[in-house]
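The chain contents come next:
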Amino acid sequence: MSSCTDVTLTVLREHTADVLKRFDNIAERWDDLDTSRYGRTFLISCFTFMNIPRGMLDVSDLAAQGIALRLRWESFDEFSAGTYHLWFTEMGQLVSREISDDDYAIPLSELLPLVGDHQALESLILSRDAALQVPDWEHQEAYGRRYLMMRNGQSPDPIVRDAS
């Protein structure tokens, strides 16, 4: 296997220009897509990068600009495919999580003892699923602005809750 792999960077569409400014010289292509989750549609841009050494695409400057993102790499060498998620909380805090595709598999050694106990089996599966959840794109633009304001020592706008 190679120590280089393909990487896909996904951001909200309003940040397309920021990504192109940073990575235009190495992005192979980008696609604008609509994605839906829980009945809400988000406009996103997906950028593809080929043969990135060890799947390491430096996105720290995008995070510093308050840009939520997802970075997906394919498997290489002894490393599994996975996704790096970076998002902002309602309070403007930066949060990141790396999830390997292997994290979604529950070892048979944990499942077999629960075969006769359907409630325990369901509980294990649901708790594993909950532990791997990351926020969708909703409010990430506003939360990213809040992060920037707090980072720059400004008083952020009050939190306005959606009535829906």
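In the block above lies the structure referred to throughout.
Residues numbered from 1 in each chain as written. Predicted model: local features only at pLDDT ≥ 70, side-chain atom pairs only at ≥ 80, totals over all residues. Heavy atoms only, no water.

1. Here we look at the overall build of the protein chain
Stated precisely, the cut-off is as follows: To qualify as a helix, a DSSP run of H or I must reach at least 4 residues; to qualify as a strand, a run of E must reach at least 2; elements of each kind are numbered from the N terminus. Each residue is placed in one exposure class: buried if its accessible area under a 1.4 Å probe, protein chains only, is under 20% of its type's maximum, exposed if it is over 50%, and partly exposed if it falls in between. Pairs of residues are marked as contacts when any of their non-hydrogen atoms sit within 4.5 Å.
Along the backbone of the protein chain there are five helices and six strands. With respect to the three principal axes, the spread of C-alpha positions in the protein chain is 55 × 45 × 30 Å. Residues counted as buried form 34% of the 164 residues belonging to the protein chain. If you take every contact in the protein chain between residues at least 6 apart in sequence, the share linking residues at least 24 apart comes to 58%.

2. A look at a nonpolar patch on the surface
What counts, and what does not: Patch membership is restricted to residues that have no salt bridge and whose relative accessible area is over 30%. Joining uses 9 Å for like charges and 5 Å for the nonpolar side chains Val, Leu, Ile, Met, Phe, Trp and Tyr. Residue burial considers only the protein chains on display, and all accessible areas are found by Shrake-Rupley using a 1.4 Å probe. Put simply, a salt bridge is a Lys or Arg side-chain nitrogen that is within 4 Å of an Asp or Glu carboxyl oxygen.
A cluster of nonpolar side chains, L108, L112 and V115, forms an exposed patch at the surface whose accessible area comes to about 310 Å². Summarising the element assignment, V115 is placed in the loop between α3 (108-111) and α4 (118-131).

3. Quick look at the pairing of strand β6 (residues 94-100)
For clarity, the cut-off: At least two DSSP bridges between two strands are required for those strands to pair.
Bridge count between strand β5 (residues 82-88) and β6: seven bridges; the pairing is antiparallel. Bridge assignment links L86 to a residue of β6, and that residue is S96. Here β5 hands over to β6 after five residues, with G92 in that stretch at a positive phi of 85°.

4. Here we look at the pattern of salt bridges
Here the structure, examined in full by the defined rule, presents four salt bridges. D101 is paired through a salt bridge with R72; the nearest N and O atoms lie 2.8 Å apart. With D101 in the loop between β6 and α3 and R72 in strand β4 (residues 69-73), this pair connects stretches of sequence that are 29 residues apart. Owing to a relative accessible area of 32%, D101 belongs among the partly exposed residues under this scheme. For R72, a relative accessible area of 26% gives the class partly exposed. Where E141 meets R145, a salt bridge forms, and the shortest distance between an N and an O atom there is 3.6 Å.

5. What to know about the environment of T35
With respect to the helices, strands and loops of the structure, T35 is situated in strand β2 (residues 29-37). Not counting residues within four places of it along the chain, the set of residues in contact with T35 comprises R40, T41, F42, I44 and W137.

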